[in-house]
Amino acid sequence: MNRILIAEDEPRIAAFLEKGLRSHGFLTAVAVDADSATQIALGSDFDLLILDLGLPGKDGLEVLKELRRQCEKVQVIILTARNDIQDIVTGFEAGADDYLTKPFRFEELLVRVKVRLRNSTPTKNKEEILLKAGDVVLDLRTRKVTVGEETVELPAREFTLAETFFRHPGQVMSREQLLDRVWGYDYDPGSNIVDVYIGYLRKKLGSDLLETVRGVGYRLRT
Ligand code: CA
């Protein structure tokens, strides 16, 4: 499942984008200013960023330049009211992969998102397709999970949660990080949904796979 970060300070547009993208099977998160957009894009594994340029704090172009300075490979589609040819050229020069001007039609944005994600797939490393821990193997291409010889079915959220751990072996992941990465930002941080899903994974993948780190979160045993 592809993860899309929406950097947009206009709540109506952000909600419209989230609703549309989610209904097409994407996981989404929203950043409402430039600093949080930079921080979230650098700190989490997003496949694509939809970037407004008129953001509080800094210009969206600064966000883009910072990501490219840090060699962040996330696909970036600029979505802005700035429709001057010079702005478009500047956007591409700063490292954007695509540029769409407001007002826009959702269908057009969706097509562009899909094209960007399709183009980005071959850059993925071969070794990244299979993630292993103990006798558990996640195949990111087929989204199949095997425990020893046995194939285990994981629904999308559980797979994404497992993938998050497998990508950060041995690293303690806090509940907040997991909520951000797997569920997006619209969950109550007091919710116990993370613990419930950890329970599901333990049942399906083995009870010792995920270790509880008291007061902090969980860690994949290596
Ligand atoms: Ca704006």
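See above for the structure.
Described below are features of the structure shown in this document.

To continue, consider the pairing of strand E7 (residues 136-139). Relative to E7, strand E6 (residues 130-133) runs antiparallel, the two sharing four bridges. Among the inter-strand pairings, leucine 130 is bridged to a residue of E7, identified as aspartate 139. Where E7 meets strand E8 (residues 144-147), four bridges bridge the pair, whose relative direction is antiparallel. Bridge assignment links valine 136 to a residue of E8, and that residue is valine 147.

Glancing now at the coordination of the calcium ion. The protein atoms that coordinate the calcium ion are Asp9 (OD), Asp52 (OD) and Gly54 (O), at distances spanning 2.2 to 2.4 Å. One chain supplies every donor for the calcium ion, spaced along it as D-x42-D-x1-G. Taken together, the residues span a long stretch of sequence, with aspartate 9 in the loop between strand E1 (3-7) and helix H1 (11-23) and glycine 54 in the loop between strand E3 (48-51) and helix H3 (60-69) at a distance of 45 residues. Judged by its relative accessible area of 32%, aspartate 9 falls in the partly exposed class.

Following both chains from N to C, one finds helix H7 (residues 175-183) and helix H8 (residues 193-205) inclined at 80°, their axes separated by 10 Å at the closest point. The orientation of H7 relative to H8 falls into the category roughly perpendicular. Packed against H7, whose contacting residues are Arg175, Leu178, Leu179 and Trp183, the element H8 presents Ile193, Val194, Asp195 and Tyr197 at the interface. Tallied by class, the residues present in the contact of H7 with H8 amount to six nonpolar, no polar and two charged.

The full count for this structure, using the stated rule, is 15 salt bridges. Glutamate 108 is the partner of arginine 112 in a salt bridge, and the nearest nitrogen-oxygen pair spans 2.8 Å. With a gap of four residues between them, arginine 112 and glutamate 108 both fall in helix H5 (residues 106-120), about one helical turn apart. Here the residues in one salt-bridge network are Glu8, Asp52 and Lys102, joined through shared partners.

This part takes up H8. Relative to the 18 Å expected for 13 residues at 1.5 Å per residue, H8 spans 18 Å between its end C-alpha atoms, a close match to the ideal helical length. Every buried residue belonging to H8 is among Ile193, Val194, Tyr197, Ile198, Leu201 and Leu205, and all of these are buried. Take H8 and look down its axis: the buried residues cluster within an arc of 135°, on one side only. Within two residues after H8, glycine 206 carries a phi angle of roughly 125°, on the positive side.

On to the sheet that holds E8. Sheet architecture is open: four strands sit in the order E6-E7-E8-E9, paired in antiparallel fashion. Since the sheet does not close on itself, it has two edges, and those belong to E6 and strand E9 (150-152), each with one partner. Each neighbouring strand pair of the sheet contributes to a mean axis angle of 25°, computed without reference to strand direction. Lying on the sheet, helix H6 (residues 156-167) is in contact with E6, E7 and E8; it crosses E7 at an angle near 110°. The strands touched by H8 within the sheet are E7, E8 and E9, with E8 carrying the most contacts at an inclination of about 55°.

Below, the discussion takes up the sheet that holds strand E4 (residues 75-80). Pairing is parallel in the open sheet, where five strands are placed in the order E2-E1-E3-E4-E5. Looking at the sheet topology across the chains shown, the edges are occupied by strand E2 (27-31) and strand E5 (98-101). Taken over all neighbouring pairs, the strand axes of this sheet differ in orientation by 20° on average, direction set aside. Pairing analysis gives four bridges linking E3 to E4, with the strands arranged parallel. Looking at the pairing, leucine 49 lines up with valine 76 of E4. Strands in contact with helix H4 (residues 85-93) are E4 and E5; relative to E5, the strand with the most contacts, it is inclined by about 150°.

Mapping glutamate 163 onto the fold places it in helix H6. Beyond its immediate stretch of four places on either side in the chain, glutamate 163 contacts Leu131, Leu138, Leu140 and Arg143.

Across the five residues of E2, four count as buried, placing the element largely inside the fold. Here five bridges tie E1 to E2, and the two strands are oriented parallel to one another. Across the sheet, the residue bridging to alanine 7 is alanine 31, located in E2.

Conventions we followed
Residues numbered from 1 in each chain as written. Predicted model: local features only at pLDDT ≥ 70, side-chain atom pairs only at ≥ 80, totals over all residues. Heavy atoms only, no water. Pairing = 2+ DSSP bridges. Helix = DSSP H or I, 4+ residues; strand = E, 2+ residues; numbered from the N terminus. Donors = N, O, S within 2.8 Å, 3.2 Å for Na, K, Ca; no water. Buried < 20%, exposed > 50% of the residue type's maximum accessible area, 1.4 Å probe, protein only. Axes fitted to C-alpha atoms, helices over the stretch in contact; angles between N-to-C directions. Parallel < 35°, antiparallel > 145°, perpendicular 65-115°, else oblique. Contact = heavy atoms within 4.5 Å. Nonpolar A, V, L, I, M, F, W, Y, C, P; charged D, E, K, R; others polar. Salt bridge = Lys/Arg side-chain N within 4 Å of Asp/Glu carboxyl O. Expected span 1.5 Å × (residues − 1). Arc of directions from axis to C-beta.

Structural measurements only, silent on function.
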